[in-house]
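Examination of the molecular architecture
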Amino acid sequence: MGVVTSVIPVAYIVEELGGERVRVHALVPPGASPHTFEPVPSDLRKLAQARLFVVVGGGFDAWSDKLLGAAPKGLETLTLFDAPNLKPLEGTTTITAKNRLPRRAARRKRRGRAGGGGAVDGGGSGRQGILPEAPGRLSPEVDSVGYVRIGRELGNAKTRKYVAFHAAWPYFAERYGLEKVAVVQEFGGEEPTPREVGNLVRDARAAGVGAILVEPQLSPRVARTIAAEFGAKTVLVDPVGDPGDPARSNYEALMLFNTRAFGRALEGKRN
């Protein structure tokens, strides 16, 4: 079964859930920002060859609307952000939507068909599709990452406060008792003003923050300059992942990669 997803983390989860029964392709490539991505005609051709298109929704991958408007009838779509009873954290922006994927139920809707019913997967499993029952269906290794190993690795951090390049981590922070002090960019692609830089440096210095979390999808130049202002370093985290890098090539690996990055960032300043 062919499945197209908007971003790589969703592809990781679909691959874990579907196993050998699915062939998954993420539209946003490694190293590209989901917030500035623009689909091209070849992306529409990929959808034409797929049976299911999985998007985050909530404005995070709004560019997918362009594809859906021209997608062939009968394409099954699944919008994770439309899950029943989902309650976004107050004050979060759509830039953070990917962080809630593993633990949220998903709602299906069928394009071009009344009622929204029907099975996504005809692989003989006896279930209606591969994703509606996603919560709790991950392998024990992947499922346990978010409950045991991350908490253990972050449990002895010297500080619980962090500064990130942008607000991609509120759900991660909430689960593991971390506190965001500031972000370099409130919105993707917008450089901070001198006043915002001054406030960030002041707050980070007062909180004893020793690092700024940067991302491979965005230039670290500004973050490095700001970090130097309060004697901090930069630490690489990756909210997207990269199938070509073994350290970030699946969901479990990516979560552990980011956990260790947070661990380094939470070491605080060295005397």
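Keep in mind that this is a model prediction, so the values were computed, not measured.

Examining the overall build of the protein chain
- Looking only at helices and strands, the protein chain has eight helices and nine strands in total.
- The proportion of buried residues among the 271 residues of the protein chain is 48%.
- In the protein chain, the share of contacts with a sequence separation of at least 24, taken over all contacts with a separation of at least 6, comes to 63%.
- Carbon and sulfur atoms make up 49% of the accessible area of the protein chain, which amounts to about 12900 Å² in all.

Brief notes about the pattern of salt bridges
- A complete count under the given rule lists nine salt bridges for this structure.
- Between Asp43 and Lys46 there is a salt bridge; the shortest N-O distance is 3.6 Å. Note that Asp43 and Lys46 are positioned in helix H2 (residues 41-48) at a spacing of three residues, about one turn of the helix.
- For Asp43, a relative accessible area of 3% gives the class buried.
- Classification of Lys46 by relative accessible area gives partly exposed; the value is 29%.
- The partner of Arg202 in a salt bridge is Asp203, and the shortest N-O contact between them spans 2.9 Å.
- According to the relative accessible area criterion, Arg202 is partly exposed, its value standing at 48%.
- We classify Asp203 as partly exposed; its relative accessible area is 29%.
- Taken together, the salt bridges that share partners define one network made up of Asp238, Asp242, Asp245 and Arg248.

A few points about helix H1 (residues 8-18)
- Counting buried residues in H1 gives nine out of eleven residues, a clear majority hidden from the surface.
- All of the buried residues in H1 are Ile8, Pro9, Val10, Ala11, Tyr12, Ile13, Val14, Leu17 and Gly18.
- Against the buried residues of H1 lie strand E1 (2-5), strand E2 (23-26), strand E3 (52-55) and helix H8 (251-265).
- The positive-phi residue at the C-terminal boundary of H1 is Gly19, with phi of around 60°.

Topic: the environment of Tyr12
- When you line up the elements, Tyr12 lands in helix H1.
- Separated by 231 residues in sequence, Tyr12 and Pro243 place their C-alpha atoms 8.9 Å apart.
- Not counting residues within four places of it along the chain, the set of residues in contact with Tyr12 comprises Val240, Gly241, Asp242, Pro243, Arg248, Ser249, Asn250, Tyr251 and Leu254.

Quick word on helix H7 (residues 221-229)
- All of the buried residues along H7 are Val222, Ala223, Ile226 and Ala227. All buried residues of H7 fall inside an arc of 130° around its axis, so they share one side. Projecting away from the buried face of H7 at angles above 90 degrees are the exposed residues Arg221, Arg224 and Ala228.
- Looking at the packing, one finds that the buried side of H7 touches strand E6 (161-166), strand E7 (179-185), helix H6 (194-207), strand E8 (211-214) and strand E9 (233-236).

Details of the side chain of Thr159
- Tracing the sequence through the fold places Thr159 in the loop between helix H4 (140-154) and E6.
- Within the local environment of Thr159, its side chain forms a polar contact with the backbone nitrogen of Lys161, the two atoms lying 3.1 Å apart.

A word on the packing of aromatic side chains
- On inspection of all chains with the given rule, the structure shows six aromatic pairs.
- Centre to centre, the rings of Phe37 and Trp63 are 4.7 Å apart; their planes meet at 65°, and the pair counts as edge-to-face. Taken together, the residues Phe37 in the loop between E2 and H2 and Trp63 in the loop between E3 and helix H3 (64-70) connect sequence positions 26 residues apart.
- Trp63 sits in the buried class, given a relative accessible area of 7%.
- Chaining the aromatic ring pairs together yields one cluster made of Tyr162, Trp169, Phe172, Tyr176 and Phe262.
- The positively charged end of Arg248 is found above the aromatic ring belonging to Phe257, 5.6 Å away from the centroid.

Rules of the game
- Residues numbered from 1 in each chain as written.
- Predicted model: local features only at pLDDT ≥ 70, side-chain atom pairs only at ≥ 80, totals over all residues.
- Heavy atoms only, no water.
- Helix = DSSP H or I, 4+ residues; strand = E, 2+ residues; numbered from the N terminus.
- Buried < 20%, exposed > 50% of the residue type's maximum accessible area, 1.4 Å probe, protein only.
- Contact = heavy atoms within 4.5 Å.
- Areas by Shrake-Rupley, 256 points an atom, 1.4 Å probe, with all protein chains shown as cover.
- Salt bridge = Lys/Arg side-chain N within 4 Å of Asp/Glu carboxyl O.
- Arc of directions from axis to C-beta.
- Polar contact = N/O pair within 3.5 Å; in protein donor to acceptor, adjacent residues only side chain to side chain.
- Phe/Tyr/Trp six-rings, centres within 6.5 Å; stacked < 30°, edge-to-face > 60°.
- Lys NZ or Arg CZ within 6 Å of the ring centre and 35° of its normal.

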